[in-house]
Amino acid sequence: MNDLFSVFDHSIYDCINIMDKTTAIHDNHRFQGFFSDIGLISGHYINFQIPENLVVIGDIHGDFFTLEKIMERIDFSNYLKNESNVLIFLGDYIDRGKYSLEVLLLLCKLKNSYPNNVFMLRGNHEAYNHFPFSSYDFYSNLLDKFAHSTKLLYENHILPFFESLFLFCEIDGFSILTHGGLPVIENTNFFENYRFHLSSILNNLPLLEEILWNDPRDLSCDRNWSFSNRGLGKYFGIGITNMWLLKTGCKFLLRGHEPCNGYKLVHDNKILTLFSSKDPYPKFKSSFLKMSRKDISEINGNGLLFPNYIHFV
Ligand SMILES: [Mn+2]
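Rules and cut-offs
- Residues numbered from 1 in each chain as written.
- Predicted model: local features only at pLDDT ≥ 70, side-chain atom pairs only at ≥ 80, totals over all residues.
- Helix = DSSP H or I, 4+ residues; strand = E, 2+ residues; numbered from the N terminus.
- Buried ≥ 20, exposed ≤ 12 C-beta atoms within 10 Å, placed from the backbone.
- Contact = placed C-beta atoms within 7 Å.
- Pairing = 2+ DSSP bridges.
- Axes fitted to C-alpha atoms, helices over the stretch in contact; angles between N-to-C directions.
- Parallel < 35°, antiparallel > 145°, perpendicular 65-115°, else oblique.
- Left-handed = near helix turned anticlockwise from the far one by under 90°.
- Nonpolar A, V, L, I, M, F, W, Y, C, P; charged D, E, K, R; others polar.
- Expected span 1.5 Å × (residues − 1).
- Arc of directions from axis to C-beta.
- Core = buried A, V, L, I, M, F, W, Y, C linked by C-beta atoms within 7 Å.

Draft legend 1. Up close: the overall build of the chain. A tally of helices and strands in the chain yields ten helices and 16 strands. The principal-axis extents of the C-alpha atoms in the chain amount to approximately 55 × 45 × 40 Å. The buried share of the chain, reckoned over its 313 residues, is 47%. Looking at the chain alone, contacts between residues at least 24 apart form 73% of all its contacts between residues at least 6 apart.

Now the structure itself:
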């Protein structure tokens, strides 16, 4: 399995093959509606029962070697042998770091080897086609590598892979997982059928933008949200968090999207931000979350216990 990490200097044909295979797995799971004894899929929404063990990894941003270290730390080949052990990535695989393509290839190979317990959520960096932003260097890095073949690789293989990534995950009774945050929902009728709405997020660009770009903030007085300084998405207040948790029966939100010292807790410790990139962010720490079913039952809404399950890399 060590060849999982030999993704440097792959030919364009290898890249196409690895990515197309991953997109096909996503499409096939979507078609079936399930992927294991504990997981269901509807469109771009995934639902899990509480797994035996859970590992969650935040933004990677092209930092291949930190990702490799995390895989070693979780002993991935033993960990993933058991399909009740789940590994979820929170998105933002590319840009900023030196090895965006290699990170994507490693993740795809991991998914191809363990299709039923490795899951990748989509980050805002994987959705430049919908919401362009300034710090996008992935395409120009591809041009350096593949020159005139880049357009074909990107449009026919990488973009379909990005579009196939999942957008919203729910672990029953425990946590919501997204890349950015919770969308501001003004009309609570949404929650009568929220799983249906979440399964077709790709058809609802305002909802997609918020899931990929939102950040939690402590907002003054009775404000539920404000516009984000990022220029895309919103800042959402604790009222929005509490409403989502009440309506879904979850206790927490696990998300990435903001650089921090490995992790940070906000909104009365109900939101855990994870950050798993180091090389492009020398001022910050990188970490991952690992919890057993017992840990999940013991945390019982008390997010102050999360630091016990954070591992720094
Ligand atoms: Mn992000």
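Now, onward.
Draft legend 2. Spotlight on the sheet that holds strand E15 (residues 287-292). Taken together, the five strands give an open sheet; going across it, the order is E6-E5-E4-E15-E16, and neighbouring strands pair in mixed fashion. Sheet topology places strand E6 (118-120) and strand E16 (310-312) at the edges, where each strand pairs with a single neighbour. Across this sheet, the average inter-strand angle for adjacent strands is 20 degrees, counted without regard to direction. Summarising the sheet, strand E5 (residues 85-89) and E6 pair through three bridges and their orientation is parallel. Following the sheet pairing, Ile-88 is matched in E6 by Phe-119.

Draft legend 3. Local environment of the sheet that holds strand E14 (residues 271-274). Strand order in the open sheet formed by eight strands is E1-E2-E3-E7-E8-E12-E14-E13, with mixed pairing between adjacent strands. Looking at the sheet topology across the chains shown, the edges are occupied by strand E1 (34-36) and strand E13 (263-266). Neighbour-to-neighbour, the strand axes of the sheet open up by a mean angle of 20 degrees, direction not taken into account. As judged from the four bridges shared by strand E3 (residues 45-48) and strand E7 (residues 168-171), these two strands associate in the parallel manner. Bridge pairing in E7 links Asn-47 to Glu-170.

Draft legend 4. Molecular detail of the packing of helix H1 (residues 12-32) against helix H4 (residues 100-113). Between H1 and H4, whose axes approach to 9 Å, the crossing angle comes to 50 degrees. With respect to H4, the element H1 is oriented oblique. Two packed elements cross with a definite hand, and for H1 against H4 that hand is left-handed. On the side of H1, the interface is formed by Cys-15, Ile-18, Met-19, Lys-21, Thr-22 and Ile-25, while H4 contributes Leu-105, Cys-108, Lys-109, Lys-111 and Asn-112. A per-class count over the contact of H1 with H4 returns six nonpolar, two polar and three charged.

Draft legend 5. Representation of the packing of H1 against helix H6 (residues 150-164) in the model. Their axes nearest at 9 Å, the elements H1 and H6 cross at an angle of 30 degrees. Taken together, the axes of H1 and H6 lie roughly parallel to each other. H6 is crossed by H1, and the crossing has left-handed handedness. Facing H1, whose interface residues are Ile-12, Cys-15, Ile-16, Met-19, Asp-20, Thr-22, Thr-23, His-26 and Asp-27, H6 presents Leu-153, His-157, Ile-158, Pro-160, Phe-161 and Ser-164.

Draft legend 6. Quick look at the pairing of E3. Note: strand E2 (residues 39-42) against E3, four bridges, orientation antiparallel. Looking at the pairing, Ile-41 lines up with Ile-46 of E3. As consecutive antiparallel partners, E2 and E3 are separated by two residues, and within that stretch Gly-43 has a phi angle of approximately 60 degrees, a positive value.

Draft legend 7. Region of the structure containing H1. Between its first and last C-alpha, H1 extends 30 Å over 21 residues, near the 30 Å set by a 1.5 Å rise per residue. Every buried residue belonging to H1 is among Cys-15, Ile-18, Met-19, Thr-22, Thr-23, His-26 and His-29, and all of these are buried. Along the long axis of H1, the arc covered by the buried residues comes to 125 degrees, so they all point the same way. Those residues of H1 that are exposed and angled more than 90 degrees off the buried face are Tyr-13, Asp-14, Asp-27, Asn-28, Phe-31 and Gln-32.

Draft legend 8. Up close: the environment of Ser-292. By the secondary structure assignment, Ser-292 is in strand E15. The spatial distance from the C-alpha of Ser-292 to the C-alpha of Leu-305 is 13 Å, given a sequence separation of 13 residues.

Draft legend 9. The arrangement of unusual backbone geometry in detail. Not every positive phi belongs to a glycine, and His-61 is a case in point at roughly 50 degrees. Looking at the element boundaries, His-61 is found in the loop between strand E4 (53-57) and helix H2 (64-73). Residue His-61 is classed as buried on the basis of its 30 C-beta neighbours within 10 Å. One non-glycine residue with positive phi stands out, namely His-267, at about 50 degrees.

Draft legend 10. Molecular detail of the nonpolar core. If you look at the biggest cluster of nonpolar residues, it comprises 87 residues, and the most contacted ones within it are Val-56, Ile-88, Val-103, Leu-107, Leu-121 and Leu-274. Sort the elements by how many residues they give to this core and H4 lands first, with eight residues. Other than its neighbours up to four places away in sequence, Leu-107 contacts Phe-89, Tyr-93 and Met-120.

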